[in-house]
Amino acid sequence: MPDTTTPDTTHATTAPNTTTLPARWHSENGTPPPDRVVLADDRMRADAAHRLAVDGAALLWRGDYHGARQLLAALARRTGRRRAHRRPATTPAQAFLEHRRERARTARVLGRLVVPLEADHALRLRRAPDVRRACQEAYGPPDGPRVVALRELLGVIGAQQWRERGVEVPALGGRVHPHYGVFAPVRGEYVDLVARAPLPGPAGGPGGIAFDLGTGTGVLAAVLARRGVGRVQVTDANPRALDCARDNAVRLGLADRLLPAGTGLYPPGGGRAGLVVCNPPWLPASPGSALEQGVYDPGGRMLRGFLEGLAERLTPGGEGWLVLSDLAEHLGLRSRAELHGAIAAAGLHVLDRLDTRPRHRKALDAARASGDPLRAARAAEVTSLWRLAPP
């Protein structure tokens, strides 16, 4: 996990005094430690906190936990005022890039409100919840005091809640339980595509083998196993995802059929499969956090890697299933012609394409989401399963 650490301690100042706290700086996103840390509590006004955060100072909170959450919300409102006055973009691509820049600026400011975790992961602020289990699931066993952004800690707490209750997947007749840092399958339409596409003959039955590349929670691999594929080898660049997929396979009674196969794109050893499924991140852009790696694929590297390696990893009569939204096309980040060109360049042709419209809230509310600069693209989005094979 990314873990950015000051040499030994974090120094917090309240002029003219200086306090030394023996704690490491920790950031899951690799944010470097701040040059200046100012002690803050319930007496600090939101305007003053916002000025300090914009100037680059971290605010080490020593007051009430709920007061910290209220201050975080106040910082978000003040940061949002800049977005409200920006000049409208002239193209969808410009709107997307400006949206990303504003989100990054907001994340930087909000990430400067930080809290101390003690050596046992405890957050000992007034009225603070017990976060020790959530932190252990996210960060591993306690290894000393650390300082983390409150915004990150809230994400850790939320992730534990997601993990406990899980996400209902109708195609499985059960739930999958996402781990911290693993993208949750909240958009069920792409799962339904994999559940209804006709299985190629070589993949079905007890002897059938499939690969699920970039498995995440393992939801697509589990769907394939439930449909009768004998073994599904799963890969993911994120080791947390492989642990998550293994955990879900056990929960679903599929532990003997879902096999983690490493952090490369394809399983090692050059083996072949009757079906290779890949649901790469849908937008060719750089992720700003670990969780965004499930959404953004820098330069389309994973998409290209899947296509370029597919033909030599299929058994005769096998297929590759590319699960991909056309949101990037509506945003001007990739054209349909470029996608067809990449498929042809990999020596593949399209057997069929299954389409579905998204059912998630941002798409359904796009018509009235006047504050969303990407609303037109979201409203037009189609998710497809491309059935690919060598000639």
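Calculation rules
Residues numbered from 1 in each chain as written. Predicted model: local features only at pLDDT ≥ 70, side-chain atom pairs only at ≥ 80, totals over all residues. Heavy atoms only, no water. Helix = DSSP H or I, 4+ residues; strand = E, 2+ residues; numbered from the N terminus. Buried < 20%, exposed > 50% of the residue type's maximum accessible area, 1.4 Å probe, protein only. Contact = heavy atoms within 4.5 Å. Areas by Shrake-Rupley, 256 points an atom, 1.4 Å probe, with all protein chains shown as cover. Axes fitted to C-alpha atoms, helices over the stretch in contact; angles between N-to-C directions. Parallel < 35°, antiparallel > 145°, perpendicular 65-115°, else oblique. Left-handed = near helix turned anticlockwise from the far one by under 90°. Nonpolar A, V, L, I, M, F, W, Y, C, P; charged D, E, K, R; others polar. Pairing = 2+ DSSP bridges.

When its secondary structure is counted, the protein shows 13 helices and 16 strands. Within the protein, the fraction of its 391 residues that count as buried is 50%. Taking contacts inside the protein between residues at least 6 apart in sequence as the whole, the part at least 24 apart equals 68%. Per element, the accessible surface of the protein, about 18100 Å² overall, is 51% carbon and sulfur.

Another aspect to go through is the packing of helix H6 (residues 188-196) against helix H7 (residues 219-226). At a closest axis distance of 9 Å, the pairing of H6 and H7 adopts a crossing angle of 25 degrees. On the basis of their axis angle, the class for H6 and H7 is roughly parallel. Judged by the twist between their axes, the crossing of H6 over H7 is right-handed. The segment H6 lies against H7, with Tyr190, Val191, Val194 and Ala195 engaging Val219, Leu220, Val223 and Leu224. Of the residues that constitute the contact of H6 with H7, the class distribution is eight nonpolar, no polar and no charged.

With that settled, consider unusual backbone geometry. Even without being glycine, His121 reaches a positive phi, approximately 75 degrees. Tracing the backbone shows His121 in the loop between strand E6 (113-117) and helix H4 (132-139). By relative accessible area, His121 is classed as buried at 1%. If you check the backbone angles, Arg127 has positive phi at about 60 degrees while not being a glycine. Along the chain, Arg127 turns up in the loop between E6 and H4.

If you walk across this open sheet you meet the seven strands as E12-E11-E10-E13-E14-E16-E15, and the pairing is mixed. Looking along the sheet, the strands with just one partner apiece sit at the ends: strand E12 (258-260) and strand E15 (349-356). The average undirected angle you get between the axes of adjacent strands in this sheet is 20 degrees. Most of the contacts of H7 go to strand E11 (residues 231-235), to which it runs at about 175 degrees, and overall it touches strand E10 (209-213), E11, E12, strand E13 (273-278) and strand E14 (314-325). Its contacts with the sheet place helix H11 (residues 336-345) against E14, E15 and strand E16 (383-389), and it is angled at close to 25 degrees to E16.

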